[in-house]
Amino acid sequence: MNRSWNLDRRTFLRGAAGALVPLPFLNIMENSVAKNLSGETVPPVRFMTLFKPNGVHPPSWNINGGTEFDFRTSPLMAPFAKHRDDLLILDNMGDFGFSSHSNSSRRFLSGAHQNTKSASMDQLIADKVGSETPHRSLELTTEGLFTNQIGCSYISYDREGAPIPRESDPQLIFDRLFRDPMSDPKQRKSMSSLLDRVRDDAKSIQRKTGREDTETLDEYLTVLRETEKRLDNRDAISGASKVDFSKLERPPSPANLNEQVESMLDLIALAMWTDSTRCISYMLGNSNSRMIFDFLGVTEQHHYLSHFFRNFSRHNIDGLLKISLWHMEKFDYLLTKLKSYKDHHGTLLDHSVVLFGSGMGHSDNHTAQRIPIVLAGKGGGMLKTGRYLRYSKNQELSRLHLTLLQKFGVPATSYANSTTPLPGLDGGPFEEYRERPFQSWSKIENGKITVQGRLRMSDNLDEAKVFYIDVDGKAPVRIEIEFKDFHSFNVAYHVGTPILMTGNSSQKDGQIILSKITGIKSLFGKNDPGGAPG
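A brief structural summary. Starting afresh in each chain, residues are numbered from 1 along the sequence in its written order. Two thresholds apply to this predicted model, a pLDDT of at least 70 for residue-level local features and 80 or more for giving and counting side-chain atom pairs, whereas whole-chain, interface and lining totals are computed over all residues. Hydrogens and water are ignored here; the side-chain numbers use all heavy atoms of the structure.

The next subject is the overall build of the protein. Runs of E in the DSSP output that reach at least two residues are strands. Runs of H or I that reach at least four are helices, and both are numbered from the N terminus. On a plain count of helices and strands, the protein comes out with eleven helices and 17 strands. Between buried and exposed lies partly exposed: a residue is buried under 20% and exposed over 50% of the maximum accessible area for its type, with that area taken using a 1.4 Å probe on protein chains only. Looking at the protein as a whole, 56% of its 534 residues are labelled buried. A separation of at least 24 residues holds for 72% of the contacts in the protein among residues at least 6 apart in sequence. By the convention used here, residues are in contact when the closest approach between their heavy atoms is within 4.5 Å.

The axes are straight lines fitted to the C-alpha atoms, using for helices just the contacting stretch, and the angles between their N-to-C directions are given from 0 to 180°. Contact geometry of helix α7 (residues 257-273) with helix α9 (residues 314-340) gives a least axis separation of 10 Å together with a crossing angle of 30°. When the interaxial angle is binned, α7 and α9 end up roughly parallel. Once α7 is placed against α9, the crossing between them reads as right-handed. For the pair α7 and α9, the contacting residues are Leu257, Asn258, Val261, Glu262, Leu265, Asp266, Ile268 and Ala269 in the first and Trp326, Lys330, Tyr333, Leu334, Lys337 and Leu338 in the second. Residues belonging to the contact of α7 with α9 are distributed by class as follows: nine nonpolar, one polar and four charged. Any angle that falls under 35 degrees is termed roughly parallel, while one over 145 is termed roughly antiparallel, one within 65 to 115 roughly perpendicular, and all others oblique. Rotating anticlockwise by less than a right angle from the far helix to the near helix defines a left-handed crossing, while the corresponding clockwise rotation defines a right-handed one. As a working rule, the residues Ala, Val, Leu, Ile, Met, Phe, Trp, Tyr, Cys and Pro are called nonpolar, Asp, Glu, Lys and Arg charged, and the rest polar, with Gly in that last group.

This part is about the pairing of strand β13 (residues 448-457). Two strands are said to pair when DSSP picks up at least two bridges between them. The sheet contact formed by strand β12 (residues 441-445) and β13 spans five bridges and is antiparallel. When the sheet's bridge partners are listed, Lys443 is paired in β13 with Thr450. Counting the residues in the hairpin turn of β12 and β13 gives two residues, including Asn446, whose phi is positive at 55°. Pairing geometry for β13 and strand β16 (residues 498-508), over seven bridges, is antiparallel. Considered in β16, the bridge of Ile449 is made with Gly503. Inspection of the sheet shows β13 paired to strand β14 (residues 467-470) by four bridges, in the antiparallel sense.

Under the pairing criterion, centres of Phe, Tyr and Trp rings, with the six-membered ring standing for Trp, must be within 6.5 Å; the plane angle then separates stacked pairs below 30 degrees from edge-to-face pairs above 60, leaving the rest tilted. Throughout the structure, instances matching the rule amount to 18 aromatic pairs. Summarising the aromatic geometry, the rings of Phe331 and Phe356 are spaced 4.3 Å apart at their centres and angled 10° between planes, so their arrangement reads as stacked. With a gap of 25 residues between them, Phe331 in helix α9 and Phe356 in strand β9 (residues 352-357) connect regions that are remote in the sequence. The class of Phe356 is buried, set by a relative accessible area of 1%. Aromatic rings pair up to connect Trp61, Phe80, Phe331 and Phe356 into one cluster.

To continue, consider the pairing of strand β6 (residues 279-283). Counting buried positions along β6 yields five of five residues, so the element is predominantly enclosed. What you see with β6 is no split at all: Cys279, Ser281 and Met283 on one side and Ile280 and Tyr282 on the other are buried throughout. As defined by bridge partners, strand β3 (residues 46-51) adjoins β6 across five bridges and the pair is classed as parallel. Looking at β6, one finds that Thr49 is bridged to Ser281. Both strand β5 (residues 138-141) and β6 contribute to a ladder of four bridges, which runs parallel.

This is the structure:
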């Protein structure tokens, strides 16, 4: 190979009918990309986010008792636990109070539901990193618009705070990314394969590459061919005829949701690998998703099942956990795909930041506290992964957003409610959660009970709406309450923390039962949940 021969990073394979196909990074592009002060190639850093709708079942998601380096992933994290060394799991993210569905979607990338007049953080990152790519950013979704509460359908917002339209059809997205939009759409029916049109150009480049670049290029062409074949086969599987691209019509609902989502994740990885874009947001569902996961054997709507306290049954909680595990499996699918692609002198995940999470914590009570947030990928060195960060106090999501903005080079000194970055993401010091000492006790008099201790949800899924307060030296107090008490006192917020609770008591088979709450006081935190849906 002639070492003086170099390829520009923005090179496309070109073929008949105006076909243009971007390439992944090859070693022969070294001289055409940015370098640091030591003369080393600096790979671009990508940002992508996966939004999980409808919160979580906290006992299945939360990590309790772990420390920064010594922690055990929770049951819901099992599908992606093998990526532990590439993860930064954040805990105590959010604040006190409740969250409506539309507020939770706004909060996810905008820091706070009141932040309605500025861009979401992904769009600010896109402004910084998107100028060198064919597509500044991609905004993707799985579910259509929820017109009853339109704010539930968006997580990305422009500079005026207006929602940015999402795309949901993998075929159209693939076409926009990898087929010339100026070509005649009617000619596409006669195109048997995109790769056939660029074969000659590909062979020309392969003659000039070394062994490693040849392997990368072969892998890339194979992935591209398989992706196109998979997308073409989706219509055949569902029995639909080939669609006339000139009308931009697609079946309203794919035959297989899992196939649609995995095709979308394939496209996300491919778009990042080819540097077609460096910023993508993807909603696995609207923030109050009404999708039915019948392919998992679940016939009820996700939103209905997410209210597992008020709609409690073992059947419903099992259905909710099947859906949540499926969401976690898709996160794993994306991470596995990103790690499989070579990029510069590492993997695509090494040079990416993936934000996975929701905009609320407890799926029934819509708490804005302990919101599930996971970062994956080292971001080219900006993140130190393989850690669990449970902060000593609740942290506004906007602190995380401000930190990521600054790490991506956005000159921001504040964002939403925050003026100070979130510490610890790069391995620096942070104030870790430590249980403060307290005494536990209970007192019963004339059918009234006062009990002080740590509140927890039952670990038994057959009683998923039951709470307990642990008391030293005694059996725990069992709490069986109606939804009114559960919601009015924001009981879910206090789970895992020491409280003083008063209420009406009774006994059954020697078990003390609190059936009506008259008061809750946090020993170390906030108390009044307030009336505004935060």
